[in-house]
Amino acid sequence: MIKAAIIDDEDSGRNVIRQYLSLYFTDIEVIGEASSVKSGVKLLSKQTPDIVFLDIQMQDGTGFNLLELLPQRSFKVIFVTSFDQFALKAIKYSAADYLLKPVDPDMFVDAVEKVKTDFEKPAPAKDARIDELLTNINSFSKIGLPTNDGIQFVKVDDVVRCEADGAYTVFILENGQRIMVSKSLKTYEELFADRKFLRVHKSYLINTRYVEKYINGDGGSVVMTDGATVEVSRRKKDELLNMML
Amino acid sequence: MKKLFLPLIIAVILQILPQLTFPQASEGENFVDPNQSRIDSLLNAIKPDSPDSVKAWNYSRVANITCDLDTSLKYSFLSLDYCNETYSELDNIRAYNYNIIAFAYYMRDESRKALQYRFKSAAIYNKVSDKRREAATFIHVGNCYLDLNIKDSVFYYYNKAILTLIEIQDTAFIIDAYNNLGQIYYSMALYDNATENYQKALDYSVASKDMLNMASCYCYLGTTMSFQSDTLIDLAIANLVKSVNLFETKGSLRHYDLEKKHFAYMSLAQAYIKKAKLTGAKTYADSCRIFVEKAANYYKSVGSVNNYLNSRYCYVDYLIFYKRYSDALAELMNLEKYMQTEDHLVNGYQVYYNYLYEVYSHLGDYKNALKYHEKYMEYKMAYVNDSTLNTIKDAEVERAHMLDSVNHHYETLRIEAEHQNELLQTKVRTRVITIVAILLILVGVIMFFFYKATKENEENKLRNKALETERSLLRTQMNPHFIFNALNSVQNYIISNNAQEAVRFLSKFAKLMRMILNNSMVQMVTLSDELQSLSLYLDLERARFGNKFSYSIDVSDEVEEDIVSVPPMLIQPFIENAIIHGLMHKTDGEGLITVSISENDRDSLVCRITDNGIGRKAAAEVEKNVGRKHKSVGMQLTRDRLRDLNSEANAKLSCVIDDLEDEAGHALGTRVTIVIPMV
């Protein structure tokens, strides 16, 4: 039996998760619930759940505060949030698991299934993504990339460019390393929107700080510092040139 | 304008010793060494069982190529740990390490520590009889002493190095060393000693028939002489002409040759204008003009701000010579923008303000002349305070001296200004009155236009702001009918105990609301985002109307959905219209909405919304029978938005509604065509 805990300061929030769990996952048992950061810390220091459903905004603090108070944690976290752009950005950067309220049942099943498969993999007891999330929360300097072998954290500033490969994205780093990631290019276009990255082409997202030169043409192309030539879409030419000035 | 070219020459000498390049190594965790991969491969090559010499050599290489001073020190000391045994190979590595350590300390302004290590390496080179490296180390010792301002030692070690070099007859190195020494004297304004050393460098260049070094030496010699004394100006010009000729005939197109050639052009121009001022002869001024042009163009093209400014100042001198003061002023005003560049320090301002002061005095504008003289003194003092060659005491003495001279200048200028005023008052009083009157009228006219312009400007700003607020409100607007009807549907699902459907419907509704909220914060969204929200909307409406209709969204291949942007929520109201007025009243067969997007001539998107509903005419009839005077909010909002978007330049959105009929005139549906220009 997999053990779960639910921490949310609203009754309805906890209720929905509990109902969904009993509806879709007969192998998961809710061993405890809490309605604040304080009572949550108390619960989690007594009990050892495998999964914690954690609300971000609570009356006496945030879900992040709660995690900071539990440095020895060994559980997996699924964040649950309504409309907190900042927290959501931090969660996406660390590639942590999350659900949006109101919770979509399909999304719920997907997220819990994913965590369950993580249990089957031989992984360290402590979730590195949460550590990264907590240290990174104000800087957004690192991004967690979900790969076949787990999450790999890279510095955003080391990313030279990203290429679309079907529904996947290939990251090319400054040291020449290539990382295949199971998320779309659009995901990263949105995450890096304020980081001097530009989607110059339907298949390419580039870090403009690594542009060596621009070659004129209909849309033209850019040569990156790693020597790669990247085609630029005609409609992105002006935006690119503006950004480079 | 006394510019040091010392770093250039020192760099040449450094090449035979380990040389570290330190960019502004930003410290802290974000710093990544640009040579990290090379460092890693060197460190990986060290195995626990590697011989000490390999460890010593690899660590030493790491210390040399890293860009971080701490890392460099760490590895050179580590390398020294493996240099304990005494045989010649390790001796060399040890000396190499000492030099790296010394350089790191030198960079950190810890020249005393640097000296200790330079002496250690010099001792080793002496032991292994490597005269060349020993001499190079002595030059570094000299440079450390220069940093510590112990001049006697500077010259002692330079001479020692030069003697060694003469012994081993390394001519190229000797020339560099003499030029370097000349440069040091030059920077101390000891011009006689400077020319003496340049002359020696020149002798060696002539002896070795090294044309380019000869050209450089003539250039340094000429530059120094032209500053040294007015009596040497002819000799200075002669040397600089020789230098220029040599560079022009023998110089390559490589950047360092070009740099030196243009430095010679600039020096020659400066010498010519000095000669012109001394003699009043126009031919010299005209010669100056030719060379100053060449130098300025070059410095502009390579982006060398300081040298560019110096050559333009020379041109200002030329203009002053021809008494073209307003042109000189205009030229100075043009140069102002270069003042803000980072590498332009206090002494740059000092020279600049001095020129402004001079030109304003010539123009008789004493108020500005005073102002810029004040600024000139201010920067001059700042420069003196910054200068490391002067002790604080020296600076204070100089400061007091300058304050005196400032006061003196003020006094003379004030007296001159008073004198001018008297002249004006007595001789041209009537003219003053006329001028004042004209000025008053002019000011009045200018004020009037200024007032009008600001008022218009403010009005424009307000109007734009109102427009933007309105627009963002419009973007947020989702037809309230839709929102409440959707909530009603949820209620219905709950009452009919259809929890599953309620949950699914609600999730989609929330997702759509989230997208609309996000989109309302921006003016444009990608087409793919817009189509995603449309499809969510259509799913919800479909569920709400019991799957009475189906829909398809087709995007033709040439459209790059993720790249093209459109105003958010522009298409949705037309779809809402098609459902409510076209499909809801349809009684025969299944309803169908097709949204198709294609590109038109690569500069606009064409969006067609086709429904197979009852048509506009029948819809109007139904509405009339029901007695409902429903005015679509969405359509009104969209019309307003189209109007607003079109009030911007270049944006010409258009919207055409066609009634589809068969040959017999029966309604087949409605087609809306929206053309959205793409930027």
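Now for a description of the structure that goes with this document.

Rules used in this analysis
Residues numbered from 1 in each chain as written. Chains lettered and ligands numbered in written order. Predicted model: local features only at pLDDT ≥ 70, side-chain atom pairs only at ≥ 80, totals over all residues. Heavy atoms only, no water. Helix = DSSP H or I, 4+ residues; strand = E, 2+ residues; numbered from the N terminus. Buried < 20%, exposed > 50% of the residue type's maximum accessible area, 1.4 Å probe, protein only. Contact = heavy atoms within 4.5 Å. Areas by Shrake-Rupley, 256 points an atom, 1.4 Å probe, with all protein chains shown as cover. Pairing = 2+ DSSP bridges. Axes fitted to C-alpha atoms, helices over the stretch in contact; angles between N-to-C directions. Salt bridge = Lys/Arg side-chain N within 4 Å of Asp/Glu carboxyl O.

## Describing the overall build of chain B
Working step 1: Counting secondary structure elements, chain B contains 26 helices and seven strands.
Working step 2: Within chain B, buried positions represent 44% of all 679 residues.
Working step 3: A sequence separation of at least 24 residues applies to 64% of the contacts in chain B between residues at least 6 apart.
Working step 4: Summed over all atoms, the accessible surface of chain B reaches about 35,900 Å², with 54% contributed by carbon and sulfur.

## A word on the environment of B:E89
Residues and elements named next belong to chain B.
Working step 1: Inspection of the secondary structure puts E89 in helix α5 (residues 88-107).
Working step 2: Since its relative accessible area comes to 44%, E89 is described here as partly exposed.
Working step 3: Considering only alpha carbons, one finds E89 and W57, 32 residues apart in sequence, at a separation of 9.6 Å.

## Some thoughts on the sheet that holds strand β7 (residues 667-677) of chain B
Residues and elements named next belong to chain B.
Working step 1: Taken together, the five strands give an open sheet; going across it, the order is β2-β4-β5-β7-β6, and neighbouring strands pair in mixed fashion. Each edge of the open sheet is held by one strand with a lone partner, namely β2 (549-555) and β6 (654-661). In this sheet, neighbouring strand axes are inclined to one another by 15 degrees on average, regardless of whether the strands run parallel or antiparallel.
Working step 2: In the packing of helix α23 (residues 527-544) onto the sheet, contacts are made with β2, β4 (591-600) and β5 (604-611), and the angle to β2 comes to roughly 170 degrees.
Working step 3: Across the sheet, helix α24 (residues 572-583) is in contact with β2, β4, β5, β6 and β7; its angle to β4 comes to roughly 150 degrees.

## So, the pattern of salt bridges
Working step 1: Under the criterion given, the structure shown has 41 salt bridges over all chains.
Working step 2: For A:R235, the salt bridge identified is with B:E599, shortest N-O distance 3.2 Å. One end of the pair, A:R235, is in the loop between β17 (229-231) and α8 (237-244); the other, B:E599, is in strand β4, on a second chain.
Working step 3: Of the charged contacts, one joins B:R671 and B:D658 as a salt bridge, the two residues approaching to 3.3 Å between their closest N and O atoms.

## Re the sheet that holds strand β16 (residues 221-224) of chain A
Residue and element names in this part refer to chain A.
Working step 1: Pairing is antiparallel in the open sheet, where three strands are placed in the order β15-β16-β17. The open sheet is flanked by β15 (211-215) and β17, the only strands paired with a single partner. For this sheet the average axis-to-axis angle between neighbouring strands, irrespective of direction, equals 25 degrees.
Working step 2: Here β16 runs beside β17; their pairing, made up of three bridges, is antiparallel. Paired with V222 across the two strands is V230, which belongs to β17.

## Focus on the side chain of A:N207
Working step 1: Inspection of the secondary structure assignment puts A:N207 in strand β14 (residues 204-207).
Working step 2: With near-sequence residues (within four places) excluded, A:N207 lies in contact with A:V156, A:D157, A:V159, A:V160, A:R195, A:K196, A:F197 and A:M224.

The values are spatial; any link to function lies outside them.
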